[in-house]
Amino acid sequence: MIRLGINIDHVATIRNARGEDHPNILKAAKFVMKNGADLITIHLREDRRHIKDIDLKILSKFKSIPINLEMAGNNRMLKIALNSNPKYVCIVPEKREELTTEGGLNLKKNNKTLKKIVKTLNNKKIRTSLFINPNLNDIKLSKEIGAKCIELHTGSISRKVRSKKNIEKELKKIISSCNLANSLGLEVHAGHGLDYKSARILSKIKLIKEFNIGHFIVGESFFLGLPSVINKFKKICK
Ligand code: PXP
């Protein structure tokens with residue numbers, strides 16, 4: 001069974017459209033947990049375009065809600081993570097002007113900083129993953145940096161599945177990344193752009209232990225409602 005992390009950033013996007021408190025983030029987190037999520041993923045972006053500091057503060061008070069905090073790899077965010085003490089952290093690259101996280105981390109360029117941040121989080125027993133592109137070099141570097149887990153950026157394969165393009169090459173990259181990660185003792189997660197179809201394809205790879213899915217789940221819930229959408233994904237994760 002693959003764990004299902006549900007990213008509720010876009011519940012906050014809808015809330016922020018009116019600047020008040022509906023839909024409420026804590027209520028959303030509790031609701032998705034009750035309906036089968038294994039963890040809640042939130043991305044506290046530098047520009048705070050969806051999740052805000054207060055959301056993290058409130059959610060962190062509820063130890064029954066396992067939080068996976070996505071954050072940029074810098075000391076400012078590290079301080080916030082240490083204060084809120086989430087169960088999990090996923091370090092992601094961040095560009096202010098991007099619509100969403102467009103690719104994986106540049107592990108070479110940020111090697112020193114990432115090593116320090118991962119070490120600090122490891123010492124605090126916060127499970128930390130690095131969001132990377134599916135390539136062998138980045139798997140090796142993730143190990144060298146000291147991460148316990150990696151999350152493979154699935155944006156590329158998801159786009160290809162949606163536009164009915166050939167996915168053979170992408171799939172091969174993902175499978176060989178999973179194999180190498182596993183042989184190095186890294187747990188593999190996957191996320192970005194996933195929908196029913198792409199999640200179903202990737203669910204066949206037994207080395208993937210966790211999915212983190214947001215945009216599609218929130219969007220699809222307009223039509224089917226959150227419980228039905230979560231239920232469909234739970235079946236795919238089996
Ligand atoms: N995993 C990571 C590391 C992400 O940055 C995101 C997007 O915030 C997701 C998963 C979820 O992607 P999507 O919203 O496209 O499902």
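Above this text sits the structure in question.
Residues numbered from 1 in each chain as written. Predicted model: local features only at pLDDT ≥ 70, side-chain atom pairs only at ≥ 80, totals over all residues. Heavy atoms only, no water.

Chemist: Go over unusual backbone geometry with me, naming the residues and quoting the values.
Modeler: Cis geometry marks the peptide bond from His22 to Pro23, where omega comes out at 0°. For Asn85, which is not glycine, the phi dihedral falls at a positive 50°. Looking at the element boundaries, Asn85 is found in the loop between helix H4 (75–84) and strand E4 (88–92). (Helix = DSSP H or I, 4+ residues; strand = E, 2+ residues; numbered from the N terminus.)

Chemist: Describe the site of the ligand, with residues and values.
Modeler: Around the ligand sit 14 residues, and of these Glu70, Glu151, Gly193, Gly214 and His215 come closest. Side-chain polar atom of Glu70 to an oxygen atom of the ligand: 3.0 Å apart, as the coordinates give it. With respect to the ligand, the side chain of Glu151 contributes an N or O atom lying 2.5 Å from a nitrogen atom. Isolated, the ligand exposes 400 Å² of accessible area, and the fraction of that covered by the protein chains is 94%. Within the residue set of the shell around the ligand, elements represented by two or more residues are E4 and strand E8 (208–213). The class makeup of the residues in the shell around the ligand is four nonpolar, eight polar and two charged. (Near = heavy atom within 4 Å. Polar contact = N/O pair within 3.5 Å; in protein donor to acceptor, adjacent residues only side chain to side chain. Areas by Shrake-Rupley, 256 points an atom, 1.4 Å probe, with all protein chains shown as cover. Nonpolar A, V, L, I, M, F, W, Y, C, P; charged D, E, K, R; others polar.)

Chemist: Run through the sheet that holds E8, naming residues and quoting values.
Modeler: With parallel pairing, eight strands are arranged side by side around a closed barrel as E1-E2-E3-E4-E5-E6-E7-E8. Strand-to-strand twist across the sheet, computed as the mean angle between neighbouring axes with direction ignored, equals 25°. Relative to strand E7 (residues 187–191), strand E6 (residues 149–153) is paired through five bridges, and the arrangement is parallel. Along E7, the bridge assignment pairs His153 with Gly191. Its contacts with the sheet put H4 on strand E3 (67–72) and E4, and the angle it makes with E3 is roughly 165°. (Pairing = 2+ DSSP bridges. Axes fitted to C-alpha atoms, helices over the stretch in contact; angles between N-to-C directions. Contact = heavy atoms within 4.5 Å.)

Chemist: Describe a nonpolar patch on the surface, and please don't skip the residues or the numbers.
Modeler: Taken together, the side chains of Ile14, Phe222, Phe223 and Leu224 make up a nonpolar region of the molecular surface, amounting to roughly 460 Å² of accessible area. Looking at the nonpolar patch, the element that brings in the most residues is helix H10 (residues 215–224), giving three residues. Along the chain, the position of Leu224 falls in helix H10. Here Leu224 falls in the partly exposed class, since its relative accessible area comes to 38%. (Patch = residues over 30% accessible without salt bridge, like charges linked within 9 Å, V, L, I, M, F, W, Y side chains within 5 Å. Salt bridge = Lys/Arg side-chain N within 4 Å of Asp/Glu carboxyl O. Buried < 20%, exposed > 50% of the residue type's maximum accessible area, 1.4 Å probe, protein only.)

Chemist: Explain the environment of Asn212 residue by residue, including any values.
Modeler: Mapped onto the elements of the fold, Asn212 is located in strand E8. Other than its neighbours up to four places away in sequence, Asn212 contacts Gly5, Leu39, Thr41, Asn68, Glu151, Ala190, Gly191 and His192.

Chemist: Help me get a handle on the packing of aromatic side chains, residues and values and all.
Modeler: In this structure the tally under the stated criterion is three aromatic pairs. Between Tyr196 and Phe216 the ring centres are 4.9 Å apart and the planes differ by 80°, which places this aromatic pair in the edge-to-face class. Placement of Tyr196 in helix H9 (residues 196–202) and of Phe216 in helix H10 is noted, with a sequence separation of 20 residues between them. A ring pair is formed by Phe216 and Phe233, whose centres lie 6.0 Å apart and whose planes are at 85°; its orientation type is edge-to-face. Pair noted here: Phe216 is in helix H10 and Phe233 is in helix H11 (residues 226–237), with a separation of 17 residues, a long-range link. For Phe216, a relative accessible area of 23% translates into the label partly exposed. Looking at Arg127, its charged tip hangs above the ring of Tyr88, at a distance of 3.7 Å from the centre. The positively charged end of Lys232 is found above the aromatic ring belonging to Tyr196, 4.8 Å away from the centroid. (Phe/Tyr/Trp six-rings, centres within 6.5 Å; stacked < 30°, edge-to-face > 60°. Lys NZ or Arg CZ within 6 Å of the ring centre and 35° of its normal.)

So yeah, pure geometry; function would need other evidence.
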